Amino acid sequence: MDYNYYMRRCIELAKQGEGNVSPNPLVGCVVLDSNENVISEGYHHYCGGNHAERDALLKLSPAATIGGTLFVNLEPCSHFGKTPPCADLIIDRGIKRVVIGMQDVNPIVAGNGIAKLKASGIEVVEHVLEEECKNLNEVFIKNMTQHKTFVAIKTATTLDGKTATSTGSSKWITSNAAREEVQTIRHRYDAILTSSSTVLGDNPTMAHKRKIILDRELKTDFLKSKIYQNGEIFVFHAPNIQAPEIKNIKFVPTPVTANKLDIEFILNKTYEFGIMSILVEAGGKLNGAFLDFTDKIYQFIAPKIVGDNTALSCFDYRKVNNISDSKSFSIKEVKNFPPDILLTLIPNT
Ligand code: AOF
Ligand code: ZN
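Residues numbered from 1 in each chain as written. Chains lettered and ligands numbered in written order. Predicted model: local features only at pLDDT ≥ 70, side-chain atom pairs only at ≥ 80, totals over all residues. Heavy atoms only, no water.

This paragraph deals with the site of ligand 1. In the vicinity of ligand 1 lie 20 residues, with H51, A52, E53, K82 and D104 positioned nearest. With respect to ligand 1, the backbone of C77 contributes an N or O atom lying 2.9 Å from an oxygen atom. In the model, an oxygen atom of ligand 1 is placed 3.4 Å from a nitrogen or oxygen of the H79 side chain. Contributions of two or more residues to the shell around ligand 1 are made by α2 (52-57) and α6 (138-146). The residue makeup of the shell around ligand 1, split by class, is 9 nonpolar, 7 polar and 4 charged. (Near = heavy atom within 4 Å. Polar contact = N/O pair within 3.5 Å; in protein donor to acceptor, adjacent residues only side chain to side chain. Helix = DSSP H or I, 4+ residues; strand = E, 2+ residues; numbered from the N terminus. Nonpolar A, V, L, I, M, F, W, Y, C, P; charged D, E, K, R; others polar.)

Printed below as a string of structure tokens:
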């Protein structure tokens, strides 16, 4: 039996829950009968809904699964949450073998699901495509182990790392295909974060259910700017400025140091508000300010050169004299969106 093949299918199924399961993990499940034929598939559709194993098993008659194998990318749960424990249902249904991608990092489960299965005589196979399974649930892992919001930055630049010409022209640096991929990326995150300069400069819509705007001096037009026309909005601003009262907008007074809003404070607040992940889509200044708090970068690169050293670079970070002091990253993935590419990077620690 090809464990990797079915685990890959679990990951694919799990991704169908992207955008809907937060703060829960993405989980997919495949069930095989005793003759090793696939008889059911399932996934966790939305937070509060059935877990992946229950979704897959409830489609079958209890007799169908006797002696079967169940694949799942995350350890089956052992606790009574919004639904009863998946481990109990698996045991009840007479499954003989459970193949798991990774242990649950939720301390209420953390090995208890596996122990329960083993205690009932089920064969448990662990660590199948573990790295892929951990990548799939990087947000859930950060939330559970660090109690912090996961932060990603998306940029679109020219070959010379510019996000616009020196006159501010930036529409469009990347191709349609690349910009469509941005929609898919956005969908994975609980909220999008941008700056007042981006709102003032580009007046973007940024259609998303939750949006965060950093507007220290409350300079943007809360009634007219497109970004404020839909979704739930959080505006972080300096504490000495009186915020207006507007429906759907939550104004958050934020400490300021050296004319900059305190990013650490903002990220503690986002976690408090139940925002498990954010995608930063802003200019070089804010990108630079977030760099030290960033878990992942999506960098689209278009094969164009602006060739003007007064044009903005995508990361206004810190000055280093020695190249060995640069902030360095590992490239996790390279994808083509002709004629552009997308690099997915994670910071080296
Ligand atoms: C599974 N299969 O599909 C998921 C699991 O609030 P609840 O009841 O939905 O429980 C959420 C916790 O259950 C979550 O933090 C994680 O530990 C586990 N999620 N477990 O066996 C699933 N989504
Ligand atoms: Zn469960």
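Ordered in space as β2-β1-β3-β4-β5, the 5 strands form an open sheet in which the pairing is mixed. Each edge of the open sheet is held by one strand with a lone partner, namely β2 (38-43) and β5 (123-125). Neighbour to neighbour, the strand axes of the sheet diverge by 15 degrees on average, direction disregarded. Seen against the sheet, helix α1 (residues 3-14) touches β1 (28-32), β2, β3 (69-74), β4 (97-102) and β5 and runs at an angle of roughly 135 degrees to β1. (Pairing = 2+ DSSP bridges. Axes fitted to C-alpha atoms, helices over the stretch in contact; angles between N-to-C directions. Contact = heavy atoms within 4.5 Å.)

This next bit is on the environment of N176. With respect to the helices and strands, N176 occurs in helix α7 (residues 176-187). Overall, the relative accessible area of 53% leaves N176 in the exposed class. (Buried < 20%, exposed > 50% of the residue type's maximum accessible area, 1.4 Å probe, protein only.)

Along α6, the residues that are buried comprise F140, I141, K142 and N143. Elements in contact with the buried residues of α6: β4, α5 (130-136), β6 (150-157) and α9 (263-272). Phi turns positive, to about 55 degrees, at H147, one or two residues after α6.

Taken together, the protein ligands of the zinc ion (ligand 2) are H51 (ND1), C77 (SG) and C86 (SG), with distances of 2.0 to 2.2 Å. Taken together, the 4 donor atoms coordinating the zinc ion (ligand 2) and their angles of 97 to 119 degrees define a geometry best described as tetrahedral. In the primary sequence, the donor residues of the zinc ion (ligand 2) line up as H-x25-C-x8-C. Taken together, the positions of H51 in the loop between β2 and α2 and C77 in the loop between β3 and α3 (86-92) put the pair 26 residues apart, joining distant regions of the chain. Across the pair, exposure class does not vary: H51 and C77 are buried alike. (Donors = N, O, S within 2.8 Å, 3.2 Å for Na, K, Ca; no water. Tetrahedral: all angles 85-135°; square planar, octahedral: opposite > 155°, others 65-115°.)

Glancing now at unusual backbone geometry. Geometrically, the link from K171 to W172 is a cis peptide bond, its omega value of -10 degrees lying close to zero. Relative to the elements of secondary structure, W172 occurs in the loop between β6 and α7. Cis geometry marks the peptide bond from P338 to P339, where omega comes out at 5 degrees. Considering the arrangement of structural elements, one finds P339 in the loop between β15 (329-337) and β16 (340-347). Its identity as a non-glycine residue notwithstanding, L129 has a phi of 50 degrees, on the positive side. Its location among the elements puts L129 in the loop between β5 and α5.

One pass over the full model with this rule turns up 9 aromatic pairs. Note on F222 and Y228: the rings are 4.9 Å apart at their centroids and 55 degrees apart in plane angle, and the pair reads as tilted. Since its relative accessible area comes to 8%, Y228 is described here as buried. Put simply, the rings of Y3, Y5, Y6 and F71 pair up and form one aromatic cluster. Here the guanidinium or amino end of K171 rests over the ring plane of W172, the centre of that ring lying 5.4 Å away. (Phe/Tyr/Trp six-rings, centres within 6.5 Å; stacked < 30°, edge-to-face > 60°. Lys NZ or Arg CZ within 6 Å of the ring centre and 35° of its normal.)

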